[in-house]
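Geometric and topological summary
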Number of protein chains: 2
Amino acid sequence: MGTVQKGSGNFTWQNVPAIRYEGDGAQGATKQILIGKSNGAENFALRYFEIPAGEASAYEHHPHDHGVVITRGTAQVLLGDTWHDVSEGDVVYIGSDEQHQFKNTGDGAFCFLCIVPAWGEKQG
Amino acid sequence: MGTVQKGSGNFTWQNVPAIRYEGDGAQGATKQILIGKSNGAENFALRYFEIPAGEASAYEHHPHDHGVVITRGTAQVLLGDTWHDVSEGDVVYIGSDEQHQFKNTGDGAFCFLCIVPAWGEKQG
């Protein structure tokens, strides 16, 4: 059954619980599950991440791929062995088993939407 | 392999081909495939839609579910038999086989990101 999750302005969702996200050196990073199994979504999940200034996502690779839409801030993203500058409105595709990492390069939070196949999201 | 699709400001992507989208009475609506099979994405697809003022998406239901993030404008969305007001930053989940439609209620374009499982996107 369908649902509407109201936003809180500037592509934030204050009514969705924030889970601590442990990246590489990430102390204050958070993840929110905007669409997941609790919605009955069996094919994909949609998450929202905020990574504070000076922090980074995990340096990792795994079988599930990612679709990312940057909503705020600036970062460098590693795709395989190449770093790319990204900012608001850029769309990033990270392939299955591809090494990747986001490093916040700005003064404020770096924020993005992240799609995974449903089997790639274990927390909800 | 990973890719970066640069945005053109205000969550638009001028470098991505726009396909005419035929909704109900939609004459000027467009769809752009931001992540799809051409990226090697086998699990999900990410599309971007613009629906001009006065137009609507198709009144339809189908086996694939949708995850939607409103990026600009206002609309009413039908989920099953209930209409909901939505605007920028709202996230909508449309379940498998659920009847749905978006009707633009604003003076400008109504724009949104839309996730589907890969098998729900036949055009790219």
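Presented here is an overview of the structure given in this document. (Residues numbered from 1 in each chain as written. Chains lettered and ligands numbered in written order. Predicted model: local features only at pLDDT ≥ 70, side-chain atom pairs only at ≥ 80, totals over all residues. Heavy atoms only, no water.)

1. Here's the deal with the interface of chain B and chain A
Put simply, the rule reads: In this description, contact between two residues means that some pair of their heavy atoms is separated by no more than 4.5 Å. Two parts placed together each lose some accessible area; with a 1.4 Å probe, that loss summed over both constitutes the buried area. Counted as salt bridges are all cases of a side-chain nitrogen of Lys or Arg within 4 Å of a carboxyl oxygen of Asp or Glu. We define a polar contact as two N or O atoms separated by no more than 3.5 Å, with the added condition that, inside protein, one atom must be a possible hydrogen donor and the other a possible acceptor, whereas residues neighbouring each other in sequence contribute only through side-chain atom pairs. Under the scheme used here, helices are H or I runs from DSSP no shorter than 4 residues and strands are E runs no shorter than 2 residues, and both carry numbers assigned from the N terminus. The nonpolar class holds Ala, Val, Leu, Ile, Met, Phe, Trp, Tyr, Cys and Pro. Asp, Glu, Lys and Arg form the charged class, and all remaining residues, Gly among them, are polar.
Contacts between the two partners involve 45 residues from chain B, matched on the other side by 45 residues from chain A. Both sides of the chain B and chain A interface together cover about 3200 Å² of buried area, and 66% of this is carbon and sulfur. Three residues stand out in chain B for area buried against chain A, namely B:Phe11, B:Val91 and B:Tyr93, and they jointly supply 22% of the buried area on that side. The interface formed by chain B and chain A contains 2 salt bridges. A salt bridge links A:Asp90 to B:Lys6; the nearest nitrogen and oxygen atoms lie 2.5 Å apart. On inspection of chain B and its partner chain A, the count reaches 16 residue pairs in polar contact (both at pLDDT 80 or more). Elements with a minimum of two residues in the side of chain B that touches chain A: strand 1 (3–5), strand 3 (30–35), strand 4 (44–51), strand 5 (66–72), strand 6 (74–79), strand 7 (82–87), strand 8 (91–94) and strand 10 (110–117) of chain B. Across the side of chain B that touches chain A, the residue classes tally to 24 nonpolar, 14 polar and 7 charged.

2. Side note on the pairing of strand 10 (residues 110–117) of chain A
Two faces make up the sheet, and in a regular strand the side chains alternate between them. Residue and element names in this part refer to chain A. Heads up, the condition is: With a 1.4 Å probe rolled over the protein chains alone, any residue whose accessible area is under 20% of its type maximum counts as buried; one over 50% counts as exposed, and the rest are partly exposed. A pair of strands is considered paired only if DSSP assigns at least 2 bridges between the two.
Of all 8 residues making up strand 10, 8 are buried, and the element is well covered by its neighbours. Here strand 10 shows two buried faces, one formed by Phe110, Phe112, Cys114 and Val116 and the other by Cys111, Leu113, Ile115 and Pro117. Note: strand 4 (residues 44–51) against strand 10, 8 bridges, orientation antiparallel. Paired with Tyr48 across the two strands is Leu113, which belongs to strand 10.

3. Description of the sheet that holds strand 7 (residues 82–87) of chain A
Residue and element names in this part refer to chain A. The condition is simple: The axes used here are C-alpha line fits, helices contributing only the stretch in contact, and every angle between their N-to-C directions lies in the interval 0 to 180 degrees.
As summarised here, the arrangement of the 3 strands in space is 7-6-9, forming an open sheet in which the pairing is antiparallel. What marks the edges here is a single partner per strand, and that holds for strand 7 and strand 9 (100–104). Pairs of neighbouring strands in the sheet enclose a mean axial angle of 25°, with direction left out of account. Sheet topology places strand 6 (residues 74–79) next to strand 7; 6 bridges connect them, and they run antiparallel. Its bridge partner lying in strand 7, Leu78 is registered against Trp83.

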